[in-house]
Amino acid sequence: MGVTRILTVFGTRPEAIKLFPVIHALEADPRFENLTCVSAQHREMLDQVLSLAGIEPQHDLDLMIAGQTLDALTARALVAIGQVLDAEKPHWVVVQGDTTTAMAAGLAAYYRRIPVCHVEAGLRSGDIHHPWPEEVNRRVIGIFAQLHCAPTQASADALLGENVDPGSVHVTGNTVIDALQWVTRRIEEEPGLASGLAELERRFAGKRIIGLTCHRRENFGEGMRDIATAVKRIASRDDVAVIFPMHMNPQVRAVMEAQLKDLDNVALVEPLDYPNFARLLSISTLLLTDSGGVQEEAPALGKPVLVMRQTTERPEGVEAGTARLVGTNAEAILRETERLLDDPDAYADMARAHNPFGDGKAAQRICDLLATA
Ligand code: UD1
Ligand code: UDP
């Protein structure tokens, strides 16, 4: 059998984190030739991961524009990725998750009848407005993908419920656990990689740290203002400190900086690279987030996570008791955070390390599926 030529396409920070283990595995495997194409839908936040993982893309489309719109980005990505497909003629296109880049790359491949492998397939909230537009992006990819790498049995079941060919659906685990294990090993080898928070750790010594991230488009406006109000009230306690690596989306920054920048117990910092974010997860008492990836990483580290969304397509963390959906209502966020801070039994109930999302071997399973597909 000849060598299978793969084109892996991604554009944002979470895709890069969840695909670098797959790229490492493909590149180490003589059954494959891997080419990497980044849309650079994100720029700085993507580059942080590329540099950590040692990935030098063959194609960098450099598409990010400040304050980009969904339609313009989709149109530009579809055309630009199509041109790369015409030039490289891969046997398979690999995409991850539910971003504009993933959807556009999948569609461009489908237009050329190139089979698509979807990593992190089958996540469904059941609500096309939450998360928006990701729920529709991943459903669209699910229609044309020929290899669906579902992280959990529940995500595989969701695909089977949509009448996807059962032979194309496989439970692989989520590659985010591979990535987290990889970065943990790297930090053990080279502790300096995760020393970026040392000054804040000194400043906040003796306080309980709350790690905060938020960026969801459906929370823009009222949702973001409510989250900021809740954080302000939580940070008025003198026994906690909030560390908030702010997403670079200007819509997030405008609200958060206006409300939180002068508070003693809140540190607004630039996006952390993955080792330093892993450090933040490990020093946090609890996480407040609307992120998808953080919902998957926190349970692996036994960190309670309060999810500031109406619904989640990652029910495994909630079912296992490490995650709780709190929405974006300021009172609800405050109430649930204080419960965890003030009730040791409630905290102990949520703070159990387990891995409902994978065992760290997802990337190799995905390679093996691609080799035999
Ligand atoms: C995107 C994804 C979302 C994912 C998130 C991860 C879509 C529709 N959304 O949302 O699914 O959860 O990434 O973070 O695909 N920016 C920078 N530098 C960066 C990154 C972003 O300046 O490195 C700013 C730019 O002004 C950019 C804006 O953020 O226009 C929004 O970026 P975009 O990728 O469109 O949306 P996200 O909200 O980041
Ligand atoms: N992350 C990071 N630095 C940060 C914030 C998050 O490396 O400052 C990582 C985090 O560990 C997770 C991923 O980025 O793996 C989540 O990305 P994001 O929240 O942007 O997107 P989502 O997962 O919601 O799509």
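Quick summary incoming for the structure in this document. Positions within a chain are numbered from 1, following the residues in the order the chain's sequence is written. Each chain is given a letter, starting from A, and each ligand a number, starting from 1, according to the order in which they appear as written. With pLDDT at 70 or above as the cut-off, local features in this predicted model cover only qualifying residues; side-chain atom pairs require 80 or more to be listed or tallied, and sums for whole chains, interfaces and linings still use all residues. In computing side-chain values, all of the structure's heavy atoms are included and hydrogens and water are not.

**Some points on the environment of A362**
For helices the rule is a DSSP run of H or I covering at least 4 residues; for strands it is a run of E covering at least 2, with both sets numbered from the N terminus onward. Tracing the backbone through its elements, the reader meets A362 in helix α16 (residues 362-372). Between the C-alpha atoms of A362 and T152, which are 210 residues apart in sequence, the distance is 11 Å. The criterion used for residue contact is that any of the two residues' heavy atoms lie within 4.5 Å. Ignoring any residue separated from it by four or fewer positions in sequence, one finds A362 in contact with T172, G173, N174, T175 and D178.

**Digging into the nonpolar core**
Grouped together as the largest cluster of nonpolar side chains are 43 residues, with contacts concentrated most on F10, F20, C117, V183, Y274 and L370. Ranked by the residues each element gives to this core, the list is headed by helix α1 (residues 13-27), at 8 residues. Not counting residues within four places of it along the chain, the set of residues in contact with C117 comprises W92, V93, V94, V95, L147, C149, I366 and L370. Core analysis: the next-biggest nonpolar cluster, separate from the first, contains 31 residues, C214, M224, M308 and V326 among them. Nonpolar cores are built from buried Ala, Val, Leu, Ile, Met, Phe, Trp, Tyr and Cys residues. Side-chain atoms within 4.5 Å join them into one set. Burial status follows relative accessibility: with a 1.4 Å probe on protein chains alone, a residue under 20% of its type maximum counts as buried, one over 50% as exposed, and anything between as partly exposed.

**Observations regarding the pattern of salt bridges**
One side-chain nitrogen of Lys or Arg within 4 Å of one carboxyl oxygen of Asp or Glu is enough to make a salt bridge. In this structure the tally under the stated criterion is 34 salt bridges. With a closest N to O distance of 2.9 Å, R43 and D60 form a salt bridge. Here the residue R43 occupies a position in the loop between β2 (32-38) and α2 (44-53), and D60 occupies one in strand β3 (residues 59-60), the gap between them amounting to 17 residues. Among the ionic pairs, R43 bridges to D62, the shortest N-O distance being 3.0 Å.

Structural measurements only, silent on function.
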